[in-house]
Amino acid sequence: MKKISPLKLFLGLTTLHMLATCWGFFSIGAQTTSGAAFWFHVCAWLFYSFAYAVVTLIPAWLQSLLARTINRYTALLALTFSVIGILLVRSDLMIYDLYNFHFNGFIWNLVTTKGGLASLGTSDETYVAIGVSVAIVILIQLFAWWLSTRMQSFKPALLLTRPLYLIVLLAFVAQAVLYGISDVKNNGAILDSATVYPFYKRITFRSWAEKMGVQTVRHSSNHLNVDTSRIQYPLSPVTFSAVQQPPNIVILVAESLRWDRLTPEIMPHVWQFAQQGLYFKNHYSSGNGTREGLFGMFYGLYGSYWSSFLHAQQPPLLMQRVQALNYQLDLRTSALFSYPEFNKTLFASVPLAQLHEAEEKLTPWQRDQQNASEQIAFLRARDKQRPFMSFFFFESTHARYDFPEQAVIASPYLKDVNYWGMSRESLKPKIGEFKNRYTNAAHWVDQQMGRVLDELRAQGALDNTIVIITGDHGEEFLEKGFWGHNSSFVEEQTHTPMVVWMPQHAHAEIERMTSHLDISPTLLQALGAPEDSSSYSLGLSLLTKQSRPFVVVSDWHSIGVQTTDMKYRIPYLHHGVDHFVPTGPHDESLSASAQDSLMAKYQPLLLQAIQNCSRFLALHKDKAS
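Thresholds, definitions, all that
- Residues numbered from 1 in each chain as written.
- Predicted model: local features only at pLDDT ≥ 70, side-chain atom pairs only at ≥ 80, totals over all residues.
- Heavy atoms only, no water.
- Helix = DSSP H or I, 4+ residues; strand = E, 2+ residues; numbered from the N terminus.
- Buried < 20%, exposed > 50% of the residue type's maximum accessible area, 1.4 Å probe, protein only.
- Contact = heavy atoms within 4.5 Å.
- Areas by Shrake-Rupley, 256 points an atom, 1.4 Å probe, with all protein chains shown as cover.
- 1 Å grid on protein atoms, 1.4 Å probe; cavity = no way out; pocket = protein on both sides within 12 Å on 5 of 7 lines; lining within 4 Å.
- Points joined across faces, edges and corners; volume = space filled by probe spheres on them.
- Pairing = 2+ DSSP bridges.
- Axes fitted to C-alpha atoms, helices over the stretch in contact; angles between N-to-C directions.
- Parallel < 35°, antiparallel > 145°, perpendicular 65-115°, else oblique.
- Nonpolar A, V, L, I, M, F, W, Y, C, P; charged D, E, K, R; others polar.
- Core = buried A, V, L, I, M, F, W, Y, C linked by side-chain atoms within 4.5 Å.

When its secondary structure is counted, the protein shows 18 helices and 15 strands. For the protein, buried positions account for 57% of its 625 residues. Of the contacts formed within the protein by residues at least 6 apart in sequence, a portion of 77% connects residues at least 24 apart. Counting only carbon and sulfur atoms, one obtains 59% of the accessible surface of the protein, whose full area is about 26500 Å².

Another aspect to go through is empty space enclosed by the protein. Within this structure, the stated rule accounts for 2 cavities of 30 Å³ or more. A volume near 50 Å³ is recorded for the largest cavity. Around the largest cavity, the lining residues are R512, M513, T514, D518, L540, S541, L542, T544, Q546 and R548.

On to the sheet that holds strand 15 (residues 567-571). As summarised here, the arrangement of the 3 strands in space is 13-14-15, forming an open sheet in which the pairing is antiparallel. Here the strands that pair on one side only, and so sit at the sheet edges, are strand 13 (551-554) and strand 15. Between one strand axis and the next, the sheet turns by 25° as a mean value, whatever way the strands run. Direction of pairing for strand 14 (residues 558-562) relative to strand 15: antiparallel, over a ladder of 5 bridges. Along strand 15, the bridge assignment pairs S558 with P571. On top of the sheet, helix 18 (residues 592-612) reaches strand 13, strand 14 and strand 15; it is set at about 45° to strand 15, its chief contact.

For the pair helix 13 (residues 364-381) and helix 15 (residues 431-459), the least separation of the axes is 10 Å and the interaxial angle reads 5°. The orientation of helix 13 relative to helix 15 falls into the category roughly parallel. Residue-level inspection shows W365, D368, Q369, A372, S373, Q375, I376, L379 and R380 of helix 13 in contact with helix 15, the latter providing W444, V445, Q448, R451, V452, E455, L456 and Q459. Considered class by class, the residues forming the contact of helix 13 with helix 15 number 8 nonpolar, 5 polar and 4 charged.

As a further point, take unusual backbone geometry. Backbone torsion omega between Y233 and P234 reads -10°, so that peptide bond is classified as cis. Assignment of secondary structure puts P234 in the loop between helix 8 (206-211) and strand 1 (248-254). Of note, the bond from S411 into P412 is cis; its omega dihedral lies within 30 degrees of zero at -5°. Mapping P412 onto the fold places it in the loop between strand 6 (388-394) and helix 14 (424-427). In this model, S256 sits at a positive phi of 60°, which is unusual for a non-glycine residue. Within the secondary structure, S256 sits in the loop between strand 1 and helix 9 (268-274). One non-glycine residue, N486, adopts positive backbone phi at about 75°. Here N486 is to be found in the loop between strand 9 (483-484) and helix 16 (491-494). Taking relative accessible area as the criterion, N486 reaches 6% and is therefore assigned buried.

Looking now at the nonpolar core. Of all hydrophobic cores here, the largest spans 67 residues; its most connected members are F298, F347 and F391. Ranked by the residues each element gives to this core, the list is headed by helix 18, at 7 residues. What F298 contacts, discounting residues up to four positions off in sequence, is I251, P316, L318, M319, L346, F347, M389, F391 and S520. Y401, Y413, V467 and L478 belong to the second-largest nonpolar core, a separate cluster that totals 49 residues.

So far we have only geometry, and geometry alone does not tell us how the molecule works.
In structure tokens, the structure reads:
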């Protein structure tokens, strides 16, 4: 009997392993579908599981061709790359299930940048779980290779491998045709869920269908294609007026702090401060992640500019003005200034020796406590004849949400956080306890902020000090389907508290929409910049009475435009069709007629937001296609 190549058998067995691994993608994509959409996901699951398995075995196949035989090196390559491939797919599934995006530049940056993985707050249990999972995958693949070498003459093995290619081919054709038809008919059930599979390749035939006389349904035409290679910031030189007594500036930013944690029970110190200063109740971050949130805060620009400013290491106008006025600087973080790369953007003009990071060996709550003590020490030792700027980034409220026992106000709380194997389903039964961790961490951050505020009061410094207290972005706890941040522009991920102490301004509670983009022009105008901020920012002063027609939030690949009655997402760069549809202001789904009405109503504003993404680029091209 003719023998089957062990590599072919191993491909079949690896495909079975990959099918089991990719079942999670199928479950996510098909969970609310029926009919054609369900069968689309069956076919996509079969084809892409096979495709991923094939990719992992290419090195072994090439080696066997060069060696003209299958030897131990073939086995080593097959085992090594199949294990790596399966683990990568499994990791990607966990990322997608929790955050609604695949392994991307953001995750790569997280893995490769110093402090990136540490920022997740992983525990020993997480590393143990990872080790166990790796060992299980290795054992399964070792058994698969052993079986492949023993089944070469086994007749049922022929029955397994022969129809495999035909089934895969039929699955590929079926899912491609179903997707193409959905593109023609603008069927969101398939278009919205197809990209659940990593590297999903869209195949469309809209143009051919139109030539054949088939009536097609048009997609929204709002897309960006931004060349971020050159910057022109500010658009023209800014002329500052003289400031007799430049105000001190204190900026306190808590990681992942969303608006509804600011209550008298959870954050009493900041709450009391809000009742004395300006309390912005409808305030939004400029992003759903730290990078875009702080970038918008310091530059007053959308997150679409991040890469350009990072490559140019262009500091914000705010820091240039502060340094030109000879401010004393106290810049500290309980995370790292290198992740994200704020040492090359926000503080690119500041010597590294002046960027203070708490000791890495300490836990996040201890780092916040240490930084608060050192910030207070700075306030006491500073030269009172010169103005100062103090920036403090708190880390306790970042997942895994860290706090000491004395900060516990919400019980029961989850005792340990194991990221490996975490999914939305596994989180559901314990999401309340997880959220209690977050609440306790927010309470601890409030205690440290209270210490700083008490010191400012004791010195009488508030008479000439602007104080800003906010979060870099929010945090979701499955309220809209996901956990954490960086996955969508829902309220829980973008709505942050905003408290401003502005000397000589009475207490007020402001209901109009404001944005992190407004912080930079507010501070710059206090330092002598012209009231018209259009040449140096996309924001408005927080002190203006002018209502903004929309706010913009960003993530690593798109912007979200939010008005008083609509949210709409627009990608920076697109491949094929990104089937985003508008939602209500609180993320509620809308009928097709309501969507069409809002899109028509706000089309000029959407085009303005698109143009703003390249406004500060030299020789920019505004392109809506």
